[in-house]
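Listed below are the residues making up each chain.
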Amino acid sequence: MASWPIKVVLQEDESLSSWLSRAALENGCDPLVLTGSIWPKWRVWTTDIDRGIPISKQSALILASGLDASLFQQAALSLDAELFSSCSLPVHGLWPWILGLGARNRSYKGGIQFCPCCLADDLKPYFRRHWRFAWVTGCSLHGVRLIDSCSQCRKPIEPHHLEAINAVKLSACSFCGFDLRHAVAMRALPSALSLQEKAFTAINNGIVEINDQLWLPEQWFDACRHLMMIIRRSAYVHDSAMTRALIGTGLNIQEIPTESLAFKLELLPVEAREKLLACLDSLLSNWERFALNLKLYGVQANSLMGREDYLPPVLASLISPLERVDRRLGQPRKTTCGKPKSKESVLKAWARLKRKHRVE
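A brief look at the structure comes next. (Residues numbered from 1 in each chain as written. Predicted model: local features only at pLDDT ≥ 70, side-chain atom pairs only at ≥ 80, totals over all residues. Heavy atoms only, no water.)

With that out of the way, let us pick up helix α3 (residues 55–65). Turning to α3, its buried residues are Q58, L61, A64 and S65. Viewed along the axis of α3, the buried residues span an arc of 125°, placing them on a single side of the element. Looking at α3, the residues exposed on the side facing more than 90 degrees away from the buried face are S56, S59 and L63. Tucked inside the fold, the buried residues of α3 contact α1 (16–26), α2 (31–38) and α4 (69–74). Immediately beyond the C-terminal end of α3, within one or two residues, lies G66, with a positive phi of roughly 80°. (Buried < 20%, exposed > 50% of the residue type's maximum accessible area, 1.4 Å probe, protein only. Helix = DSSP H or I, 4+ residues; strand = E, 2+ residues; numbered from the N terminus. Arc of directions from axis to C-beta. Contact = heavy atoms within 4.5 Å.)

Turning our eyes to something else, we now look at the nonpolar core. Formed by 104 residues in total, the largest nonpolar core has its most connected members in W19, L61, W135, L180, W220, I231 and L294. When near neighbours in sequence (up to four residues on either side) are disregarded, W19 contacts W4, V8, V9, L10, E14, L61, S65, L67 and F72. (Core = buried A, V, L, I, M, F, W, Y, C linked by side-chain atoms within 4.5 Å.)

Attention now goes to the packing of aromatic side chains. Aromatic ring pairs are reported here in terms of the distance separating the ring centres and the angle at which the planes meet. Following the criterion strictly, the structure yields 14 aromatic pairs and no others. An angle of 70° between the planes, with centres 5.6 Å apart, marks the rings of W97 and F221 as edge-to-face. Here W97 is found in the loop between α5 (77–83) and α6 (116–121), whereas its partner F221 is found in helix α8 (residues 217–236), with 124 residues between them in sequence. Under the relative-accessibility criterion, W97 is labelled buried at 2%. Ring centres of W220 and F221 lie 5.1 Å apart, and the angle between their planes is 85°; on these two criteria the pair is classed as edge-to-face. For W220, a relative accessible area of 7% puts it in the buried group. Using a relative accessible area of 1% as the deciding quantity, one classes F221 as buried. When the ring centre of W95 is taken as origin, the NZ or CZ atom of R51, which lies over that ring, is 4.2 Å away. Over the ring of F175 we find K155; its NZ or CZ atom is 5.9 Å from the centre of that ring. (Phe/Tyr/Trp six-rings, centres within 6.5 Å; stacked < 30°, edge-to-face > 60°. Lys NZ or Arg CZ within 6 Å of the ring centre and 35° of its normal.)

Let's shift gears to the environment of R289. Tracing the sequence through the fold places R289 in helix α11 (residues 287–296). Distance in space between the C-alpha atoms of R289 and A245 is 9.4 Å, their sequence separation being 44 residues. Contacts of R289, omitting those with residues within four sequence positions, involve G248, T249 and G250.

The next subject is the pattern of salt bridges. Counted by the stated rule, this structure contains 15 salt bridges. Across the pair D48 and R51 runs a salt bridge whose closest N-O atoms are separated by 3.7 Å. A salt bridge links R244 to D239, with the shortest nitrogen-to-oxygen separation between them at 2.7 Å. (Salt bridge = Lys/Arg side-chain N within 4 Å of Asp/Glu carboxyl O.)

What follows concerns helix α10 (residues 270–285). Along its 16 residues, α10 runs 22 Å from first to last C-alpha, staying within 8% of the 22 Å computed at 1.5 Å per residue. Listed as buried for α10 are V270, A272, R273, E274, L276, L277, A278, C279, L280, D281 and L283. Against the buried residues of α10 lie β2 (144–145), α7 (190–205), α8, α9 (241–249) and α11. (Expected span 1.5 Å × (residues − 1).)

Here we come to unusual backbone geometry. Of note, the phi angle at D13 is positive, near 65°, even though the residue is not glycine. Phi angles above zero are rare outside glycine, and W97 is one such case at about 70°.

As a further point, take the packing of α8 against α10. Orientation of α8 relative to α10, taken along the N-to-C sense of each, is 110°, at an axis distance of 10 Å. Classified by the interaxial angle, the pair formed by α8 and α10 is roughly perpendicular. The interaxial crossing formed by α8 with α10 has right-handed handedness. Residues W220, C224, L227, M228, I231 and R232 of α8 form the contact with α10, whose participating residues are L276, L277, C279, L280, L283 and L284. Residues belonging to the contact of α8 with α10 are distributed by class as follows: 11 nonpolar, no polar and 1 charged. (Axes fitted to C-alpha atoms, helices over the stretch in contact; angles between N-to-C directions. Parallel < 35°, antiparallel > 145°, perpendicular 65-115°, else oblique. Left-handed = near helix turned anticlockwise from the far one by under 90°. Nonpolar A, V, L, I, M, F, W, Y, C, P; charged D, E, K, R; others polar.)

Before going further, it helps to examine the packing of α8 against α9. For any two helices packed against each other, one specifies the crossing angle of their axes together with the interaxial distance. Viewed as axis vectors pointing N to C, α8 and α9 meet at an angle of 110°, and their least axial separation amounts to 9 Å. In terms of orientation, α8 lies roughly perpendicular with respect to α9. The hand of the α8/α9 crossing is left-handed. Contacts between α8 and α9 involve I230, I231 and S234 from the former and M242, T243 and L246 from the latter. Along the lines of polarity and charge, the residues of the contact of α8 with α9 split into 4 nonpolar, 2 polar and no charged.

Any functional reading would require information beyond the geometric quantities listed.
Shown next, in the form of structure tokens:
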């Protein structure tokens, strides 16, 4: 295809989906029309294009946009995800710490969040790449919590569904046309912003110092993910030694909504993730106190383990003073049949159903 009449450059930290949608609107056509003309046989919006554009698809885009291939590679989420993931990234499915779109055909159930103040400050509004990080819940510049749905119609953010005849800027809701720059944002939790700063510092420095030992960023993120698993599990099991140890450390795990425990971190709404990250920051900020509380409240080493008794190396020092019980020697659990399910189980099932059918 011929090059675009108007050349549209990638803004700093702009996501690929934002750029493609913005380029379409600035050239007077719908994003679906633009990508259809570039890749007639590729349904690009059924994939998470922010992860990266396949090399086999880049030549047509380079010809149309007039931009260098290195720009597309630098804007891909795959480069970011490799920095804070200790395992290989799957071709399909969720990536650790990257918000999932919940894509079904060309429709999304979530995954894109924004700061209305940033959009209002932009000469040409665009969506930032770091807004796709699951550990980012607030704007450090404006001090507000990010928003992951339209304030007027409550639908998810889907810029690729915008129509040029109705929208000239990326800040319009693709469902109702509401200007997202006018959305009212709540103040962000300082502890959640503090956790974000720790995460960005780990990535920028390329090394993290914990207990006089140096660790790679992906090892630190692996430990944070494991600690968040412990926090979520304790929020579900209200009366346990671990729960008491966390509360004694100053964590407000009672504020974590039970229904949010039905999903993985990358599928949670921004409010639930913010509360989890705030708890994680409190834990990291009171590390010595937490280590003492584990012994004080009689927490067993098994309670710190994940599946297959896995524990990140960064956390190895926590279990050395704790008692460990061989689970294989315990009595088999008694199964109960015919009893009503707990309130927590019902809320989790209801949360999954609401997400599946976009019920408010």
